[in-house]
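Structural characterization, general
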Amino acid sequence: RGSSPEFTPSPWLQRQPELVGKCVELVEQRDGVPGSDRPESLFRLHECDGGTWLARRDLIFKDCQRGRFLYRVLTRTLLSSSSRPSSGDLGLLPVGAVVFADERRVVDGRLRLSILPDPRAGRPRGGWASEHHSVAFDPRLGGTVQLLRLRNADE
């Protein structure tokens, strides 16, 4: 979110102008600002977005994160026909494969990825997969990773 007549960015966003207009991943929430007489919720960004904090007023919440996300398959991963974890089975992603996702969203408490088709890898259709095989006791910790997010294909 950028500055406009209706909006004044918080000091946190003013110190990080590169985040204006960027879609970011949030991993933690804190209610109230320590040492302030004004309670304001703060959200910590995922380390891939800098790992810093932003005020709630700086954010526009979306149902999903769109983009181009690169993953390596760590364990055989079920590919399904819809974003619901319980949806029909389209097959398995093989260990070691590198896949691209164009959308990330939380569905029924699980981080789901829209995996793009890759005919050269024998996957003519896309589908949905969970980033984590099982969910940890604390949702911020994710769980047992089955799809590892990469910065580039050489990782």
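Quick look at the structure, then. Predicted, not measured: the structure shown is a model, and the values here were computed from it.

1. Some points on the side chain of Gln16
With respect to the secondary-structure elements, Gln16 resides in the loop between α1 (11-14) and β1 (26-30). From its side chain, Gln16 meets the backbone oxygen of Trp12 in a polar contact 2.8 Å long. For Gln16, the side chain forms a polar contact with the side chain of Thr52, separated by 2.3 Å. Leaving out residues up to four positions away in the same chain, Gln16 has contacts with Thr52, Trp53 and Leu54.

2. Notes on the packing of aromatic side chains
For the coordinates displayed, the defined rule picks out one aromatic pair. In this arrangement the basic side chain of Arg68 is found over the ring face of Phe100, its NZ or CZ atom lying 4.0 Å from the centre. A cation over a ring is seen here: Arg104 above Phe69, with NZ or CZ 5.5 Å from the ring centre.

3. Here we look at the sheet that holds strand β2 (residues 42-45)
One open sheet holds the three strands; their spatial order is β1-β2-β3, and the pairing between them is antiparallel. Two strands bound the open sheet, and with one partner strand each, they are β1 and β3 (53-55). The mean inter-strand angle of the sheet, taken between neighbouring strand axes irrespective of direction, is 30 degrees. The pairing of β2 with β3 spans three bridges and is classified as antiparallel.

About the cut-offs
- Residues numbered from 1 in each chain as written.
- Predicted model: local features only at pLDDT ≥ 70, side-chain atom pairs only at ≥ 80, totals over all residues.
- Heavy atoms only, no water.
- Helix = DSSP H or I, 4+ residues; strand = E, 2+ residues; numbered from the N terminus.
- Polar contact = N/O pair within 3.5 Å; in protein donor to acceptor, adjacent residues only side chain to side chain.
- Contact = heavy atoms within 4.5 Å.
- Phe/Tyr/Trp six-rings, centres within 6.5 Å; stacked < 30°, edge-to-face > 60°.
- Lys NZ or Arg CZ within 6 Å of the ring centre and 35° of its normal.
- Pairing = 2+ DSSP bridges.
- Axes fitted to C-alpha atoms, helices over the stretch in contact; angles between N-to-C directions.

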